[in-house]
Every structure is written in structure tokens, then in C-alpha cells.
Amino acid sequence: MSDELNDLALELRRHLAWQESDGTRTILRGPKPLVAAPTKAPAPAAAQNVPMPEPRPVPTGPVKTLDEIRQELGDCKRCKLCHGRTQIVFGSGNPKAELVFVGEAPGADEDQQGVPFVGAAGQLLTKMIEAMKFSRDTVYICNVAKCRPPNNRNPEPDEIAACEPFLKAQLATLQPKVIVALGKFAAQTLLRDSTPITRLRGQWRSYEGVPLMPTFHPAYLLRSPSEKKLAWLDLQQVMKRFESP
Ligand code: URA
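Reading the values: the criteria
Each chain carries its own residue numbering, running from 1 in the direction its sequence is written. Owing to the predicted nature of the model, reporting of local features is limited to residues with pLDDT of at least 70; listing and counting of side-chain atom pairs is limited to 80 or more, with chain, interface and lining totals taken over all residues. As a rule here, side-chain values cover all heavy atoms of the structure and leave hydrogens and water aside. Note on definitions. A residue lies near a molecule or strand when any single heavy atom of the residue is within 4 Å of it. Polar contact is defined as a pair of N or O atoms within 3.5 Å, subject to the rule that within protein one atom must be able to donate a hydrogen and the other to accept it, and that residues adjacent in sequence are counted only when both atoms are side-chain atoms. In short, Shrake-Rupley with a 1.4 Å probe defines the accessible areas, and a residue's cover is counted only from the protein chains shown. Cavity means a closed set of points on a 1 Å grid over the protein atoms alone, one where a 1.4 Å probe fits but cannot get out, pocket means an open set with protein on both sides within 12 Å along at least 5 of 7 lines, and lining means a residue has an atom within 4 Å of a point. Think of it this way: if more than half of a molecule's atoms are within 2 Å of a pocket's grid points, that molecule is in the pocket or cavity. Just so you know the grouping, Ala, Val, Leu, Ile, Met, Phe, Trp, Tyr, Cys and Pro go in nonpolar, Asp, Glu, Lys and Arg go in charged, and all remaining residues, Gly too, go in polar. Grid points are joined across faces, edges and corners, and a volume is the space filled by probe spheres set on the points.

Undergrad: Which residues make up the site of the ligand, and what values do they have?
TA: Looking at the ligand, the residues that line it are G103, E104, A105, P106, E110, P116, F117, N143 and H217. One of the backbone nitrogen or oxygen atoms of A105 is found 3.0 Å away from a nitrogen atom of the ligand. At 2.7 Å from an oxygen atom of the ligand is found a side-chain nitrogen or oxygen belonging to H217. When the free accessible area of the ligand is taken as 230 Å², the share hidden by the protein chains comes to 91%. Applying the majority rule of atoms within 2 Å of the grid points places the ligand in the largest pocket. Per-class residue counts for the shell around the ligand are 4 nonpolar, 3 polar and 2 charged.

Undergrad: Just give me the short version of the layout of surface pockets, but keep the residues and values in it.
TA: Of the pockets and cavities examined, the largest pocket occupies roughly 550 Å³. Considering the residues around the largest pocket, the lining is formed by 27 residues, among which E104, A105, H217, A219 and R223 are closest to the centre. Here the residues of the lining of the largest pocket are counted per class, giving 12 nonpolar, 9 polar and 6 charged.

This is how it looks when you write it as C-alpha cells:
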């Protein structure tokens, strides 16, 4: 097989590995591809000319470690989500991650285990990460809201606002090369842009100088598997950033 065909086959295999999770696809069988380690990303993309609301206060002072940020969060009672949570879900993964995924809020499984994205949507996210040639240990995963909203309702503006300084602090500490915003709440909160996720997705944006790719939330992809094709296009753009010199 030519190099070009080989590359195409590898890419297809990675894609189908997580596309198949809805049962509508058949995995390509065969030897696992040998994959290269991700390399440096290029300079940040310029932000697009979309009107932005007033920025909310950014934590000031020296950049803290993730442990210090977690300590500052403490047994948080800054919003009403504290009443229904089992535990705070701060974030997990590599503190030196070059790639960070930001989701919405913990669900029941995450609330029980204290780890983001461990339920059904989390399993799909893990497949997406692996299809991108990363692993959960090499990336960092966190959420806009750190406590589970009751009955998995959407996080409300006051809850997002109460948690946002901690998300900002996490991202300031991590200083990733790329952020992937999973779904409307992550994308709209980080970008201060109320454009629907259907229009935000797939377009490079900038968060505090860091290239940010908005894409669909894995929970949405579980409900609408036909949209996985578009999400994969978005993730491929992210992969390209790590592949180019
Ligand atoms: N959905 C999210 O947005 N975050 C989680 O941690 C789990 C599900």
C-alpha cells in the first residue's frame, strides 16, 4: 500500500473506532496503527470579529498550581449546586497537558466518582481522545461547572459565573496549546459568545491567546450519532495543529 493510502486507512480506522460506539458502524479490523507522539502546535489563531460582552473578572496575582486552585475552591458553597452534589468534580489528567477538553458539568457518575467524563458521554469522549492519538493521561479534562446540576439540568448563569474564576485559573495554570470546548456551555462561556454551537463548531477561535476549537458535546453525539462526522472534522483540525511543525 502507498504511504498516502496507508495514512488514509489509519485515519479511517481511528475515526470508526469511536463512530462505531452507536452500533451503526462496523470497525475496520486489522493491526493497530503505529502512531507518532504529538508535536508542538503553531502560534495561536487570531480571534474572529465576533462582538463580545464585557469580560468577567479574571483571577489576579501569580499563577497558582492546580492543587492550590483546588484548595482555594475548598468545600465550595459559592452557588446553589453545593446542596445537591456528592462531591466537587475539579478536573483530571496531566497537569502539563498540551490539550485540554472543557465540558459542561458533572453528571451522576461523575458526581459519584469525583472524576469528569466517566459516564456514557465520558466513554465516548475517551474514544474521541484516543482517535486523536492522545490518551486521558496525556490530556486534561474539566468542566465549566464543578458540581452536578440537579437531574442533569443545564447549569444556570449564576452557577457558571460562580465557577468561572476557577475554570479560568485552571486554564491559566495549564497554559495548553489547544483547548477543545465541548458543547454550547463550554464554548459560549469561554468565548463570551452566544452564537449557537452549530455555528461555532469547527471554527478556530482564541481564548486568552490559546487556540480554541468548539465542537459538539459527546452527550449530544450519543443522541445524534450522525453528527459525529462533523465532530470528527473538528477534532482532525485539532490534530493537524499538533502535527504541523
Ligand atoms: N458531561 C459533562 O459535560 N461533563 C462531565 O464531566 C460529564 C458529562
